[in-house]
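Report on the structure
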Amino acid sequence: MKFIVTTTRKPDAAQENFAAQISARLDSKFVRREDFSFDALKKIHDAENILLVKKNSLSVMTSEGELFFHPNTAHLRLKNLREGRPDRLIDALKISAGSKVLDCTLGLGSDAIVESFVVGAEGKIVALEKNPLIFEVVGHGLKNFSEDSPHILEAMRRVKIFNVDCEKFLASCADNSFDAVYFDPMFRRPIQKSSGLNAIRPLADDRPLTEKIIAEAVRVAKFRVVLKEHSGSEEFARLGFKILDGGKYSSVSFGAIDKVYRLL
Ligand SMILES: C[S@@+](CC[C@H](N)C(=O)[O-])C[C@H]1O[C@@H](n2cnc3c(N)ncnc32)[C@H](O)[C@@H]1O
């Protein structure tokens, strides 16, 4: 996947410095924007994607549109939780204040923010993202986004993220080191109306999960491993997940594998 780094037209010095820094870190080319359109820049530099440094945020210009960070769905879910309504993911993970969660598929970060809000400052959320561009955009947003209420900003800032394949990260984790491990992979059959995910599609790692990854997750989880997939997905049975009740009329389902402890 070839990409270049550029800025908006008429950038300030901070934007240019930041763009140069990121391109060096990601081993890609920093190109001065001048007056070129994105299409022209992609053509000239034979690039599939453009990492765009704006004044206070990062975006990726993909073939499916602009990928940018916004805590929009997390915002509504936190409002519901604060008003005492349930959240299907939180119920599936069975987490509460103080829990430790390994979220293996950061994506746009909405689930990680909601998990972080629920576990609070005494808990821990570690979230993993394989794609470096998604990681940069969402990582920058989690750290710098500032137009929201304090409880959502605090939840965002507490998420610890790593740009790594979850298989590699899981291999480095001790047994039972997180209360719950969560997977929200790219669905085997994409839900087209999920337009929030459209711009992520050309970048996201869409390989299916393997039995080996799930076995590692079961080793690392103290209580539960949770998978989100489209309703009716064969992935639940293939990977050994029990489909959880609820959301009967929803296009997505959650499945769980519980750790079973024998009483001595
Ligand atoms: C459907 S999105 C996750 C959406 C996320 N739950 C949210 O709330 O925005 C799946 C993400 O997981 C990433 N991913 C897929 N396989 C991965 C792996 N093996 N290791 C790390 N990240 C992975 C993809 O690149 C993609 O960004």
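Definitions and cut-offs
Residues numbered from 1 in each chain as written. Predicted model: local features only at pLDDT ≥ 70, side-chain atom pairs only at ≥ 80, totals over all residues. Heavy atoms only, no water. 1 Å grid on protein atoms, 1.4 Å probe; cavity = no way out; pocket = protein on both sides within 12 Å on 5 of 7 lines; lining within 4 Å. Points joined across faces, edges and corners; volume = space filled by probe spheres on them. Helix = DSSP H or I, 4+ residues; strand = E, 2+ residues; numbered from the N terminus. Nonpolar A, V, L, I, M, F, W, Y, C, P; charged D, E, K, R; others polar. Phe/Tyr/Trp six-rings, centres within 6.5 Å; stacked < 30°, edge-to-face > 60°. Buried < 20%, exposed > 50% of the residue type's maximum accessible area, 1.4 Å probe, protein only. Domains from an automatic or database assignment. Contact = heavy atoms within 4.5 Å. Buried area = accessible area lost by both parts, 1.4 Å probe. Salt bridge = Lys/Arg side-chain N within 4 Å of Asp/Glu carboxyl O. Polar contact = N/O pair within 3.5 Å; in protein donor to acceptor, adjacent residues only side chain to side chain.

What to know about the layout of surface pockets
- Approximately 230 Å³ is the volume found for the second largest pocket.
- As for the second largest pocket, its lining consists of 13 residues, and the residues nearest its centre are Asn56, Ser57, Phe145, Ser146 and Glu147.
- For the lining of the second largest pocket, the element with the most residues is helix H6 (residues 132-144), which contributes four residues.
- Of the residues belonging to the lining of the second largest pocket, the class tally is five nonpolar, seven polar and one charged.

Some points on the packing of aromatic side chains
- Here the structure, examined in full by the defined rule, presents two aromatic pairs.
- On the basis of an interplanar angle of 75° and a centroid distance of 5.8 Å, the ring pair of phenylalanine 69 and phenylalanine 145 is categorised as edge-to-face. A residue pair is termed long-range when its members are at least 10 positions apart, and phenylalanine 69 in the loop between strand E5 (65-68) and helix H3 (72-82) and phenylalanine 145 in the loop between H6 and helix H7 (150-158) qualify at 76 residues. By the burial criterion, phenylalanine 69 is buried, and phenylalanine 145 matches it.
- Here the aromatic rings of phenylalanine 162 and phenylalanine 169 are separated by 5.4 Å at their centres, their planes lie at 35°, and the arrangement is tilted.
- A relative accessible area of 16% places phenylalanine 169 in the buried class.

Side note on the environment of glycine 98
- Examined against the element boundaries, glycine 98 turns out to sit in the loop between helix H4 (88-93) and strand E6 (100-103).
- The exposure class of glycine 98 is partly exposed, given its relative accessible area of 31%.
- Along the chain, glycine 98 and glycine 120 lie 22 residues apart, while their C-alpha atoms are 6.4 Å from each other.

What to know about the domain arrangement of the chain
- Each assigned domain of the chain is listed here: domain 1 (3-55) and domain 2 (72-258).
- Taken over C-alpha atoms, the centre of domain 1 sits 30 Å from the centre of domain 2.
- At the junction of the two partners, domain 1 supplies six residues and domain 2 supplies six residues.
- Together, the buried faces of domain 1 and domain 2 total about 530 Å²; carbon and sulfur atoms form 74% of this surface.
- Together, Leu26, Asn49 and Leu51 form the three largest contributors to the area buried by domain 1 at its contact with domain 2, with a combined 57%.
- The interface formed by domain 1 and domain 2 holds one salt bridge in total.
- Across the pair arginine 25 and glutamate 136 runs a salt bridge, and its minimum N-O distance is 2.6 Å.
- Counting across the domain 1 and domain 2 interface gives one residue pair in polar contact (both at pLDDT 80 or more).
- Among the residues making up the side of domain 1 that touches domain 2, the classes are represented as four nonpolar, one polar and one charged.

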